[in-house]
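Survey of secondary and tertiary structure
Residue strings, one per chain:
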Amino acid sequence: MTIRIIGTGSCLPENIVTNDDLAKIMDTSDEWISSRTGIRARHLAKEETTAQMSAKAAKQALEEADMKAEDLDLIIVGTLSGDYVTPSTACEVQSLIGADHAVAFDVNAACSGFMFAMNTAYAYIHSGIYKNALIIGAETLSKLMDWNDRSTCVLFGDGAGAAVVTADDTGLMKFTQGSDGSKGMVLACKNRLNNNPLVQNPTEPDYVYMDGQEVYKFAVSTVPASIKKVLEEAGLEVSDIKYFLLHQANIRIIQSVAKRLKADPDKFPTTLEHCGNISAGSVPILLDEVNKKGMLQRGDKIVLAGFGAGLTWSASVMEW
Ligand code: ACO
């Protein structure tokens, strides 16, 4: 018994900010951003919240799956930018969509968040505990950016993607996942700082910090290795895969992964041109775009891969 994706959905904030728009408020340019990252625009939330975007994406996924919210047993949201420290985004989503019978919780695995959510849903469903799960990757990263730090704030965007998975004989074939906490400070953001009366000098709230070159080195070595691992375990070749749906951090990382796998770059669809990097939202939003464009047929083999802060990573191969 495995899990199969039977519905997808996504939601992006209404407000689009191009590289040229950013160049009006900081010392940057479309040329600098697009030549180094492939990013040309991103959606930034004004009114929308992480939970609201998640719920909209979830409703689309449920509709395609022809499933009612009350039939869900499990809701897992991958996010590092929920609206509250507590309740979890997953509990908020449960309430917004009326999934009264589901158990709901978040996982924080940064850009691997959707993948870790899917792997967790697999574990529950494979073991027979649950049958139907809603998995979501969603972020409002713009609230965690230092808008005075042009080296990070231009890279990220906001949005949510969702998938409904159910117990089936075919679907997820193999997955791998990993973490390396010793490299956590390569990409980090502190939580609210302790300001209790015992603390003498509480410092200001923190924003996302990134050592871009270290992240790049990590991604271009770990991602191809994890993809090769799952393909080998599934008895498949690179040529058997219709699409590789990678976390959308940077076009250079995606091109490097394609080269190292000796795969056709056309098999790597992207959203980063118009979305930027949406951390846990990247993979499910891309999957939904590919699905909605009718690019997937039943039986196609696809690879999903996420990688990011923690450090964390995951790759999976599945039959559509
Ligand atoms: N506009 C203009 N100039 C800029 C900007 C900007 N937005 N940001 C930085 N610069 C300047 C810097 O100040 C520096 O100037 P200096 O040489 O005068 O000091 C110069 O550009 C080069 O800066 P670097 O940080 O060395 O730029 P680099 O070439 O390494 O590119 C980048 C940065 C694109 C982030 C690169 O390191 C990279 O691709 N990293 C991969 C990691 C990544 O994509 N992370 C995304 C999030 S992580 C994840 O999702 C897994």
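In this text the structure is predicted, and so the values were computed from the model without any measurement. (Residues numbered from 1 in each chain as written. Predicted model: local features only at pLDDT ≥ 70, side-chain atom pairs only at ≥ 80, totals over all residues. Heavy atoms only, no water.)

**Here we look at the side chain of R4**
Just so we agree on the cut-off: Under the DSSP-based scheme used, a helix requires at least four consecutive residues in state H or I and a strand at least two consecutive residues in state E, with every element numbered from the N terminus. For every residue, the accessible area obtained with a 1.4 Å probe (protein chains only) is divided by the maximum for its type, and the residue is called buried under 20%, exposed over 50%, and partly exposed between those limits. Polar contacts here mean pairs of N or O atoms no more than 3.5 Å apart (in protein, one a potential hydrogen donor and the other a potential acceptor; neighbouring residues in sequence count only if both atoms are side-chain atoms). By the convention used here, residues are in contact when the closest approach between their heavy atoms is within 4.5 Å.
Inspection of the secondary structure puts R4 in strand 1 (residues 2-11). On the basis of relative accessibility, which here comes to 14%, the residue R4 falls in the buried class. Within the structure, the side chain of R4 is placed 2.8 Å from the side chain of D168, a separation counted as a polar contact. Those residues in contact with R4 that lie beyond four places of it in its chain are V164, V165, T166, D168, T170, G171 and R298.

**Some points on the site of the ligand**
As a reminder, the rule being used: Note on definitions. A residue lies near a molecule or strand when any single heavy atom of the residue is within 4 Å of it. Only the protein chains shown count as cover for residues, and the accessible areas themselves come from Shrake-Rupley with a 1.4 Å probe.
For the ligand, the set of nearby residues contains 22 residues, the closest of which are T28, R150, H247, N250 and N277. The contact in question runs from an oxygen atom of the ligand to an N or O atom on the side chain of H247, over 2.8 Å. One of the side-chain nitrogen or oxygen atoms of N277 is found 2.6 Å away from an oxygen atom of the ligand. Computed on the free molecule, the ligand has an accessible area of 1,000 Å², of which 71% lies beneath the protein chains in the complex.

**Some words on the domain arrangement of the protein**
A common measure of how large an interface is: the accessible area buried when the components associate. Filter applied, for reference: For every domain, the bounds stem from an assignment made automatically or drawn from a database. Here the quantity called buried area is the accessible surface, traced with a 1.4 Å probe, that two parts lose on coming together, added over both. The term salt bridge refers to a pairing of a side-chain nitrogen on Lys or Arg with a carboxyl oxygen on Asp or Glu at a separation within 4 Å.
Taken as a whole, the protein is organised into domain 1 (2-169) and domain 2 (174-319). Put simply, the middle of domain 1 and the middle of domain 2, counted by C-alpha atoms, are 14 Å apart. With 50 residues of domain 1 in contact, the opposing surface of domain 2 contributes 44 residues. Summed over both sides, the interface between domain 1 and domain 2 buries roughly 3,500 Å², with carbon and sulfur atoms accounting for 62% of that surface. Joining domain 1 to domain 2, the criterion identifies 0 salt bridges. Taken together, the connections running from domain 1 to domain 2 amount to 23 residue pairs in polar contact (both at pLDDT 80 or more). Elements with a contribution of two residues or more to the side of domain 1 that touches domain 2: strand 1, helix 2 (30-37), strand 3 (41-43), helix 3 (50-65), helix 5 (113-126), strand 6 (132-140), helix 6 (150-153) and strand 7 (158-168).

**Describing a positive patch on the surface**
For clarity, the threshold we go by: Patches were defined on residues exceeding 30% relative accessible area and lacking a salt bridge, with like-charge contacts within 9 Å and nonpolar side-chain contacts (Val, Leu, Ile, Met, Phe, Trp, Tyr) within 5 Å. In this tally Asp and Glu are treated as negative and Lys and Arg as positive; neither His nor the chain ends contributes. Here the site of a charge means NZ on Lys, CZ on Arg, CG on Asp, or CD on Glu.
A surface patch of like charges, here positive, comprises K228, K259, R260 and K262. Its location among the elements puts K228 in helix 7 (residues 212-234). Classification of K228 by relative accessible area gives partly exposed; the value is 45%.

**Concerning the sheet that holds strand 7**
Stated precisely, the cut-off is as follows: Two strands pair if DSSP finds at least two bridges between them. An axis is simply a line fitted to the C-alpha atoms; with a helix, the fit covers only the stretch in contact. Between two such axes, the angle follows the N-to-C directions and lies from 0 to 180 degrees.
An order of 1-7-6-4-5 is seen for the 5 strands of this open sheet, with the pairing classed as mixed. Unpaired on one side and paired on the other, strand 1 and strand 5 (103-107) mark the two borders of the sheet. Averaged over all neighbouring strand pairs, the angle between strand axes comes to 20°, with direction disregarded. Where strand 4 (residues 74-78) and strand 5 come together, 5 bridges link them in parallel fashion. Counted as the bridge partner of I75 is A104 from strand 5. Here helix 3 sits on the sheet in contact with strand 1, strand 6 and strand 7, set at roughly 125° to strand 1. Sheet strands touched by helix 5: strand 1, strand 4, strand 5, strand 6 and strand 7. Its angle to strand 6, the strand with the most contacts, is close to 165°.

**Let's talk about the packing of helix 7 against helix 8 (residues 251-261)**
Between two packed helices, the angle of one axis relative to the other and the distance separating the axes together describe the packing. Rules: An angle counts as roughly parallel when it lies under 35 degrees, as roughly antiparallel when it exceeds 145, as roughly perpendicular when it falls between 65 and 115, and as oblique in every other case. If you view the pair so one helix is near and one far, a crossing is left-handed when the near helix is turned anticlockwise from the far one by less than a right angle, and right-handed when it is turned clockwise. Basically, the charged four are Asp, Glu, Lys and Arg, the nonpolar ten are Ala, Val, Leu, Ile, Met, Phe, Trp, Tyr, Cys and Pro, and anything else, Gly included, counts as polar.
Two elements in contact, helix 7 and helix 8, have axes separated by 9 Å at closest approach and are oriented at 40°. Compared by their axis directions, helix 7 and helix 8 come out oblique. Considering the relative orientation of helix 7 and helix 8, their crossing is right-handed. On the side of helix 7, the interface is formed by Y216, A219, V220, S221, V223, P224, I227 and K228, while helix 8 contributes R252, I253, S256, V257, R260 and L261. Per-class residue counts for the contact of helix 7 with helix 8 are 9 nonpolar, 2 polar and 3 charged.

**Considerations on the pairing of strand 4**
For clarity, the cut-off: The handedness of a crossover follows from its direction of travel: if, with the strands pointing away from the viewer, the path from the first strand over the helix to the second runs clockwise, the crossover is right-handed.
Across the 5 residues that make up strand 4, a large majority, 5, are buried. Burial along strand 4 is two-sided: the residues L74, I76 and G78 and I75 and V77 are all buried. For the crossover that starts at strand 4, traverses helix 4 (residues 89-97) and ends in the parallel strand 5, the hand is right-handed. Judged from the 5 bridges that link them, strand 4 and strand 6 form a sheet pairing that is parallel. By the bridge assignment, I76 is partnered in strand 6 with I135.

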